[in-house]
Amino acid sequence: MGEVIVITSGKGGVGKTTTTANLGVALAQLGLKTCLVDADIGLRNLDVVLGLENRIVYDLVDVVEGFCRLKQALIRDKRLDGLSLLPAAQTKDKTAVTPEQMRTVTDELRQEFDYILVDSPAGIEQGFRNAIAGADRALIVATPEVASVRDADRIIGLLEAAEIPPARLIVNRLRPGMVRKGDMMSVDDIVDILAIDLIGVVPEDEQIVVTTNRGEPAAMSRESRAGESYRSIARRVRGEEVPFAEMDEPTGFFGRLRRIFGQA
Amino acid sequence: MLNFFGRSQSRDVAKNRLRNVLAHDRADTSPEFMEHLRDDVMRIVSEYVEVGGQGVDLQLQSVEDHVALVANIPVKQLRRRGRPGNN
């Protein structure tokens, strides 16, 4: 029986979809059958981040409305064994699916997959309600900014109220250099304020822009620092103890040298 | 911490603003929170003083860069020996 994990944040633009795509890739690389569900109906995005936009035939709403079977709507990623996508509808809106229908879909996916990652839309309205409906646990994505952490706190409260077990936090787009200079909140600051467990830290990485342009998630390549973080998070998701890498940017000659040799 | 120009670092400013805003958010989004807090505070306080009935006021206030829990509790009289039943 697979596990359903919702990826959410409250605030938009903090990297939920990028996180979902990369975590999905990283889990599939570990040999785990993984299905990504785009719950952002009307604003479909996960397909383009994954580079699967040209292969969509049916979507989540088609499944719910009975136009096709669930299996027909699933897109298998040909680049990576074990990774599938259930795309959102682009023409409908959030009310096209109810939380009960969402639960039915994720429960069916459990039979087939080890992990089902649900990419939640921003906000706390029905799209969010749908996304969390079938979830066993939640991962919260926050960037080191006041607005993002504030929204994350609200989401944590709503998840508690929905009796979804304590969420774990992904701090995204951290800039260690700025933290050192006192110009950005640190991971500890955020963890301290939100009082939840950390599952990963993803550094700001220009490669994310490049890989997203190409529709090839960063976790697919070995060169991206962010991709490395996602691989660590994937292992923690499945229960491994993975030490948190020092997020300091290498400086100076030896630092650069270390980085060149891939140890940074 | 202050930076070179004597301004506090934006990291600390962000942290304080967040603590502040979250205190209010958490109190606002959970109406029972303030109610429970008021009930518990009153239960303890009335062990020491006789509370003057009406006009108990308990609220979160922003004071400069932090949040304060401010209580205004009218007192009828102090109890003679602190916690009753303690002697």
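Here we summarise the structure given alongside this text.

Residues and elements named next belong to chain A. Scanning the model with the defined rule gives zero aromatic pairs over all chains in all. One Lys or Arg, Lys33, reaches over the ring of Phe113 and ends 5.3 Å from the middle of that ring. Note that Arg236 overlies the ring of Phe244, its terminal NZ or CZ placed 3.9 Å from the centroid.

What follows covers the interface of chain B and chain A. Listed per partner, the contact involves 13 residues of chain B and 16 residues of chain A. Both faces combined, the contact of chain B with chain A buries some 1300 Å², and carbon together with sulfur accounts for 55% of it. Applying the counting criterion to the chain B and chain A interface returns five salt bridges. Here Asp192 of chain A makes a salt bridge to Arg19 of chain B, at a shortest N to O gap of 3.0 Å. If you look at where chain B meets chain A, you find 11 residue pairs in polar contact (both at pLDDT 80 or more). Tallied by class, the residues present in the side of chain B that touches chain A amount to four nonpolar, three polar and six charged.

Right, let's talk about the sheet that holds strand 3 (residues 75–76) of chain A for a bit. All names here are of chain A. Spatially, eight strands are ordered 3-4-2-5-1-6-7-8 in an open sheet, and the strand pairing comes out mixed. Each end of this open sheet is capped by a strand with a single partner; those strands are strand 3 and strand 8 (197–203). Bridge analysis of strand 1 (residues 3–8) against strand 6 (residues 137–142) gives four bridges, and the strand direction is parallel. In the strand pairing of strand 6, Val6 is matched with Ala138. Strand contacts of helix 5 (residues 99–112): strand 1, strand 2 (34–38), strand 4 (83–86) and strand 5 (115–119), with the helix running at about 150° to strand 5, the strand carrying the most contacts.

The next thing to look at is the pattern of salt bridges. If you walk through the whole model with that rule in mind, you get 20 salt bridges over all chains. Linking Asp136 of chain A and Arg110 of chain A is a salt bridge whose minimum nitrogen-to-oxygen distance equals 2.8 Å. Remark: Arg110 of chain A occurs in helix 5 and Asp136 of chain A occurs in the loop between helix 6 (126–133) and strand 6; sequence separation between them is 26 residues. The exposure class assigned to Arg110 of chain A is buried, which follows from its relative accessible area of 9%. A salt bridge links Glu240 of chain A to Arg235 of chain A; its shortest N-O distance comes to 2.9 Å. Connected through salt bridges with shared partners, the residues Asp189 of chain A together with Arg11, Asp12 and Lys15 of chain B form a single ionic network.

This part takes up the packing of helix 7 (residues 146–161) of chain A against helix 9 (residues 187–194) of chain A. Each pair of packed helices can be described by the angle between their axes along with the distance between the axes. Residues and elements named next belong to chain A. It is at 10 Å that the axes of helix 7 and helix 9 come closest, and there the two elements cross at 35°. Along this stretch, helix 7 crosses helix 9, giving a crossing that reads as right-handed. Taking contact as the criterion, the partners of Val149, Ala152, Asp153 and Ile156 in helix 7 are, on helix 9, Ile190, Ile193 and Leu194. Each residue belonging to the contact of helix 7 with helix 9 can be placed in one class, and the counts come to six nonpolar, no polar and one charged.

This part covers helix 7 of chain A. All names here are of chain A. Across its 16 residues, helix 7 extends 23 Å between first and last C-alpha, which sits within 8% of the 22 Å expected from 1.5 Å per residue. Taken together, the buried positions of helix 7 are Ser148, Val149, Ala152, Asp153, Ile155, Ile156, Leu158 and Leu159. Following helix 7 by one or two positions, Glu163 adopts a phi angle in the positive range, close to 60°.

What follows concerns unusual backbone geometry. Residue and element names in this part refer to chain A. Of note, Glu163 is a non-glycine position whose phi angle comes to about 60°, a positive value. Backbone geometry at Ala195 places phi at a positive 55°, although glycine is not the residue there. Inspection of the secondary structure puts Ala195 in the loop between helix 9 and strand 8.

All names here are of chain A. The biggest cluster of nonpolar side chains holds 56 residues, and the ones touching the most others in it are Leu86, Leu109, Val118, Leu159 and Leu169. For this core, the element with the most residues is helix 7, which contributes six residues. Leu109 has contacts with Cys35, Val37, Leu70, Leu74, Leu86 and Ile116, leaving out every residue within four places of it along the chain. Counting residues in hydrophobic clusters, the runner-up holds 35 residues, among them Ala21, Ile208, Ala226 and Ile233.

The next thing to look at is the pairing of strand 6 of chain A. Residues and elements named next belong to chain A. Counted residue by residue, strand 6 has six buried out of six residues, so it is predominantly covered. Of the two faces of strand 6, the one holding Arg137, Leu139 and Val141 and the one holding Ala138, Ile140 and Ala142 are both buried throughout. By the bridge criterion, four bridges tie strand 6 to strand 7 (residues 168–174) in an arrangement that is parallel. Bridged to Ala142 within strand 7 is Val171. In this fold, strand 6 hands off to helix 7, which returns the chain to strand 7; that crossover is right-handed.

Procedures and definitions
Residues numbered from 1 in each chain as written. Chains lettered and ligands numbered in written order. Predicted model: local features only at pLDDT ≥ 70, side-chain atom pairs only at ≥ 80, totals over all residues. Heavy atoms only, no water. Phe/Tyr/Trp six-rings, centres within 6.5 Å; stacked < 30°, edge-to-face > 60°. Lys NZ or Arg CZ within 6 Å of the ring centre and 35° of its normal. Contact = heavy atoms within 4.5 Å. Buried area = accessible area lost by both parts, 1.4 Å probe. Salt bridge = Lys/Arg side-chain N within 4 Å of Asp/Glu carboxyl O. Polar contact = N/O pair within 3.5 Å; in protein donor to acceptor, adjacent residues only side chain to side chain. Nonpolar A, V, L, I, M, F, W, Y, C, P; charged D, E, K, R; others polar. Pairing = 2+ DSSP bridges. Helix = DSSP H or I, 4+ residues; strand = E, 2+ residues; numbered from the N terminus. Axes fitted to C-alpha atoms, helices over the stretch in contact; angles between N-to-C directions. Buried < 20%, exposed > 50% of the residue type's maximum accessible area, 1.4 Å probe, protein only. Left-handed = near helix turned anticlockwise from the far one by under 90°. Expected span 1.5 Å × (residues − 1). Core = buried A, V, L, I, M, F, W, Y, C linked by side-chain atoms within 4.5 Å. Right-handed = clockwise from strand over helix to strand, strands pointing away.

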